[in-house]
Structure formats: structure tokens, C-alpha cells
Amino acid sequence: MLAVISWRCDCGMNVKAMYETDGMTKVRCPKVSCKITHIVDGEITKLWIKKDDSTSWRPQQATSLTLS
């Protein structure tokens, strides 16, 4: 089953992910200078980011932000 989750990092970056509900994925913040990670309860299939000053979500390569 697919699910969608979104969160706002402490640094201000907004992240939204679509994921399958089995497994677990650690996602690092898209902002390079930020070292915060977020745990998603599933395997990410799509990822989007939105900066504070933006009104639209931009697709992001999920594999570049996931940690093992």
C-alpha cells in the first residue's frame, strides 16, 4: 500500500515522500549543510522538496538522500 508523509526539517527545508508501507528508510535532509535525518516507516518510491520561499514541490532523486 502506498502512503505519503511530509515534514519540515529544523533547518526549514520541507520534504514530502511517497512510500510503500513495508520496511524502513532513513532520509537525510536535502540541505547539504544540515546533518539531520528522518525515519520513514517504509521504502521510499518518490521524494519532493520545497524551500521556505517556494510555493511548489520539486522532485528529488530519493536514492541520493537515503542512508543505509
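Higher on the page you've got the structure.
This one's a predicted model, so the numbers in the text were calculated from it and none came from an experiment.

### Remarks on the environment of Ala 62
- For Ala 62, the position within the fold is in the loop between β6 (58-60) and β7 (66-67).
- According to the relative accessible area criterion, Ala 62 is buried, its value standing at 14%.
- When the C-alpha atoms of Ala 62 and Ala 17 are compared, they prove to be 8.6 Å apart, with 45 residues separating the residues in sequence.
- Non-local contacts of Ala 62, meaning those with residues more than four positions away in its chain, are made with Ile 44 and Leu 47.

### So, the pairing of strand β5 (residues 43-50)
- The pairing of strand β2 (residues 14-20) with β5 spans 7 bridges and is antiparallel. Counted as the bridge partner of Lys 16 is Trp 48 from β5.
- Note that β5 and β6 share 3 bridges and pair antiparallel. Bridge assignment links Trp 48 to a residue of β6, and that residue is Pro 59.

### What to know about the state of the cysteines
- Summed over the entire model, instances satisfying the criterion amount to 0 disulfides.
- Here Cys 9 is not cross-linked by a disulfide; its sulfur's nearest cysteine counterpart is in Cys 34, at 3.6 Å.

Cut-offs used in this document
Residues numbered from 1 in each chain as written. Predicted model: local features only at pLDDT ≥ 70, side-chain atom pairs only at ≥ 80, totals over all residues. Heavy atoms only, no water. Helix = DSSP H or I, 4+ residues; strand = E, 2+ residues; numbered from the N terminus. Buried < 20%, exposed > 50% of the residue type's maximum accessible area, 1.4 Å probe, protein only. Contact = heavy atoms within 4.5 Å. Pairing = 2+ DSSP bridges. Disulfide = S-S within 2.5 Å.

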